[in-house]
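# Coordinates in review
Below, each chain spelled out in residue letters.
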Amino acid sequence: MTDGADPSRPDRVRRWTWPAGLLGGLLLVAFSLVPWGVSDQGVKPSVTGLGRVSVPGAAPEDVAFLEDLTRRPGLITVIVGVVIALAAALAWWRSELRWPAVVVVGIGSVVALVVAVVTLSDPGKHLFESRVTDAVDADTPIISVGYGLVGVLVVSVLILGLMMSVVIIGRDGATEPTPDPDVASPADESS
């Protein structure tokens, strides 16, 4: 008798969980290095999660001045991405590290998600110090969301979902074995 569950499902999740977690951690790092904020107004500046500012045609000293006034929220996602990638690689390598890795990767993805959501709420305010936003004093946002910030948000949600699926499926990606009714247990034989 079968319980209707697909026996290959836990194996597929186990097989792809840790390579996907490793890739997700590396993607968090990569998305932190690309624009988190862009503007189509004026000189069309963009700023990465690590505070690297790009302004086409601007003098290097002006760009350096703006870079000094960035908050660099992507530094957190870089650190979290490296931790997630290392934990996933260790869990992929050693099966006894899988449950601690689920916790580390899950917490890391929540941290990255919180940073992304907070920055997404007002990119200009969270990417630049208040001196920049106060100096501009515009009714419209000075900078809008860049693809790097969206990438961090999507990857962190995917990693969190992956870790939740591991927890739901069970320890080490395997479901609990069900007894086979055709095989008699030792207790049945002794009676």
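Throughout, residues of each chain are indexed from 1 in the direction in which the sequence is written. This being a predicted model, a pLDDT of at least 70 is required before a residue's local features are given, and a value of 80 or more before pairs of side-chain atoms are given or counted; all residues contribute to the totals for chains, interfaces and linings. In computing side-chain properties, one takes all heavy atoms of the structure into account and sets aside hydrogens as well as water.

When a carboxyl oxygen of Asp or Glu lies within 4 Å of a side-chain nitrogen of Lys or Arg, that pair is called a salt bridge. All told, the structure shown has two salt bridges when counted by the stated rule. Between arginine 52 and glutamate 67 there is a salt bridge; the shortest N-O distance is 3.6 Å. In this pair, arginine 52 sits in the loop between strand 2 (46-48) and strand 3 (53-54) while glutamate 67 sits in helix 2 (residues 60-68), placing the two residues 15 residues apart along the sequence. For the salt bridge of arginine 94 with glutamate 96, the shortest nitrogen-to-oxygen distance reads 2.7 Å. For glutamate 96, a relative accessible area of 48% translates into the label partly exposed. Strands here are runs of E lasting at least two residues and helices are runs of H or I lasting at least four, both read from the DSSP assignment and numbered beginning at the N terminus. Summary of the burial criterion: residues with accessible area below 20% of their type's maximum are buried, those above 50% are exposed, and those between are partly exposed, where the area comes from a 1.4 Å probe applied to protein chains only.

The next thing to look at is the confidence of the model for the chain. Scored by pLDDT, the chain comes out at a mean of 81, with 75% of its residues at no less than 70. In the model, residues 172-178 has pLDDT below 50 throughout and makes twelve contacts with residues more than four positions away in sequence or in other chains. Each residue carries a pLDDT score, the predictor's own confidence in it, on a scale running from 0 to 100. Throughout, a residue-residue contact means that at least one pair of heavy atoms, one from each residue, lies within 4.5 Å.

Here the focus is unusual backbone geometry. Its identity as a non-glycine residue notwithstanding, arginine 72 has a phi of 60 degrees, on the positive side. With respect to the element layout, arginine 72 can be found in the loop between helix 2 and helix 3 (74-93). Under the relative-accessibility criterion, arginine 72 is labelled partly exposed at 35%.

What follows deals with the sheet that holds strand 1 (residues 35-38). Read across the open sheet, the four strands follow the order 3-2-1-4; overall the sheet is antiparallel. In this open sheet, the two strands that pair with only one neighbour each are strand 3 and strand 4 (144-145). Pairing between strands is defined by DSSP: at least two bridges between the two strands are required. Direction of pairing for strand 1 relative to strand 2: antiparallel, over a ladder of three bridges. Within strand 2, the position partnered with valine 38 by the bridge is serine 46. The strands touched by helix 7 (residues 147-169) are strand 1 and strand 4; relative to strand 1, the strand with the most contacts, the crossing angle is about 135 degrees. Think of each axis as a best-fit line through the C-alpha atoms, taken over the contacting stretch in the case of a helix, with angles from 0 to 180 degrees between the N-to-C directions.

A separate point is the packing of helix 4 (residues 98-121) against helix 7. Taken N-terminus to C-terminus, the directions of helix 4 and helix 7 make an angle of 150 degrees; their axes are 8 Å apart at the nearest point. If you check the angle between helix 4 and helix 7, you find them roughly antiparallel. Read as a crossing pair, helix 4 and helix 7 show a hand that is left-handed. Residues Trp99, Val102, Val105, Gly106, Ser109, Val110, Ala112, Leu113, Ala116, Val117, Thr119 and Leu120 of helix 4 pack against Leu149, Val152, Leu153, Ser156, Val157, Ile159, Leu160, Met163, Val166 and Val167 of helix 7. Gly is placed with the polar residues, together with every amino acid not listed as nonpolar (Ala, Val, Leu, Ile, Met, Phe, Trp, Tyr, Cys and Pro) or charged (Asp, Glu, Lys and Arg). Of the residues in the contact of helix 4 with helix 7, the class split is 18 nonpolar, four polar and no charged. Any angle between 65 and 115 degrees counts as roughly perpendicular, while under 35 counts as roughly parallel, over 145 as roughly antiparallel, and the rest as oblique. By definition, any crossing whose near helix is turned counterclockwise from its far helix by less than a right angle is left-handed, and any crossing with a clockwise turn is right-handed.

Let us now look at the environment of alanine 101. Of note, alanine 101 is situated in helix 4. Between the C-alpha atoms of alanine 101 and isoleucine 84, which are 17 residues apart in sequence, the distance is 8.2 Å. With residues up to four places along the chain from it excluded, the contact list for alanine 101 reads Trp18, Ala87, Ala91 and Gly106.

For helix 7, built from 23 residues, the straight-helix expectation of 33 Å at 1.5 Å per residue is met to within 8% by its first-to-last C-alpha distance of 33 Å. Of the residues making up helix 7, those classed as buried are Gly148, Leu149, Gly151, Val152, Val155, Ser156, Ile159, Met163, Val166 and Ile169. Following helix 7 by one or two positions, glycine 170 has its phi on the positive side, about 125 degrees. What a helix is expected to span follows from its residue count: subtract one and scale by 1.5 Å.

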